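# Structure assessment
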Amino acid sequence: MVHPRVFARRLLWAAALSLFSHASWACGPYSVGLYEFGALLYRAGSEDMRGIDKDLIDALARRSGCVLQTRVESRSRIWQQLGNGTLDITVSGIPTPEREHFAVFLPYLSTRNHALIGRSLAASAGSPAQFLADPSLRVAAVRSFKYGPRIDGWLVQLRTQGRVDEVADFPTAFKVLMAGRVAMVFAHPMVIEPWRKQALSEHVLLDWAPEDTITAGLVLSRSRVTAADQLLLRRHLESMLTDGEFDQILRQHLGPDMARQVRYEAGRSSRQP
């Protein structure tokens, strides 16, 4: 017969081993940088944050068991932190050769930017060439954003003329546009969804770069997210794309028509160089 004290010690040892094993298998905790960008993340009321990217992270945490701790940052700070190894994960990121040195990209969205410009200007400045030819017209661009090869090249020309207002995030760019301080911003149609009535009452969306379709995805730090957890998150993200849960998230925030337009399908979108 085992002495009660010996039995108790054995139970404690077994419990400690169990806790150690679970801690070894745990995924995370990982820091996730979110950024305000229309339907991807927006404020509903004073503090409540809603959006596609928030729901995606919540679903991934639930499905994978990973501890994913979110915080809202500017897009430029997010890329800076990922680059210097002080952030683990971000969302709806566009791959570039430089970024792929320090991060892995798991795609889930396919879209492209459109020019959001005042209706009164659409006739005289409704093309990139017309806009470029009028030195009085300015554009707001978000720091660290990659808009697509053609649009990025066009913005380079405007920057050399000092006609680009660099801002921290899209809500600021949108406010600058609505205040009349710039004539245009670039935006994905889904991004202006929370402000559709306000944005399109006096502005129009023009498709200036139909060939600039880009793929955005979950961004995982190569140095901070373990290889095993990268595979785990990839598996659960791909399951969300195939079993319909991510489609439900898109429809909730965008409606069925736009949800179909931005849904990622392998091979459908061109990669941003």
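Structure shown above.
Predicted, not measured: the structure shown is a model, and the values here were computed from it.

## Describing helix α8 (residues 227-243)
Here α8 contains 17 residues, and its C-alpha end-to-end distance of 24 Å stays within 8% of the 24 Å for a straight helix at 1.5 Å per residue. Within α8, burial applies to D229, Q230, L232, L233, H236, L237, M240 and L241. Looking straight down α8, one finds its buried side chains confined to an arc of 170°; they lie on one side. Residues A227, A228, L231 and T242 are exposed on α8 and point more than 90 degrees away from its buried face. Positioned one or two residues after α8, G244 has a phi angle of 100°, which is positive.

## Remarks on unusual backbone geometry
Note the cis peptide between G28 and P29, where omega equals 5°. Within the secondary structure, P29 is located in the loop between α1 (4-25) and β1 (30-34). For S92, which is not glycine, the phi dihedral falls at a positive 40°. Position of S92 among the secondary structure elements: in strand β5 (residues 89-93). Here S92 falls in the buried class, since its relative accessible area comes to 7%. At S144, a residue that is not glycine, the phi angle is positive and equals roughly 75°. As for its position among the elements, S144 is in the loop between β8 (139-142) and α5 (149-160).

How each quantity is defined
- Every chain begins its residue count from 1, and numbering advances along the sequence as written.
- The predicted nature of this model means local features are confined to residues of pLDDT at least 70 and side-chain atom pairs, given and counted, to a pLDDT of 80 or more, with totals for whole chains, interfaces and linings taken over all residues.
- For side-chain calculations, the full set of non-hydrogen atoms in the structure is used, while hydrogens and water are omitted.
- Put simply, DSSP marks the helices as runs of H or I at least four residues long and the strands as runs of E at least two long, and each gets a number from the N terminus on.
- Helix span, expected: 1.5 Å multiplied by one less than the number of residues in the helix.
- The classification of residues rests on relative accessible area computed with a 1.4 Å probe and restricted to protein chains. Under 20% of the type maximum is buried, over 50% is exposed, and intermediate values are partly exposed.
- Directions pointing from the helix axis toward each C-beta atom define the arc.

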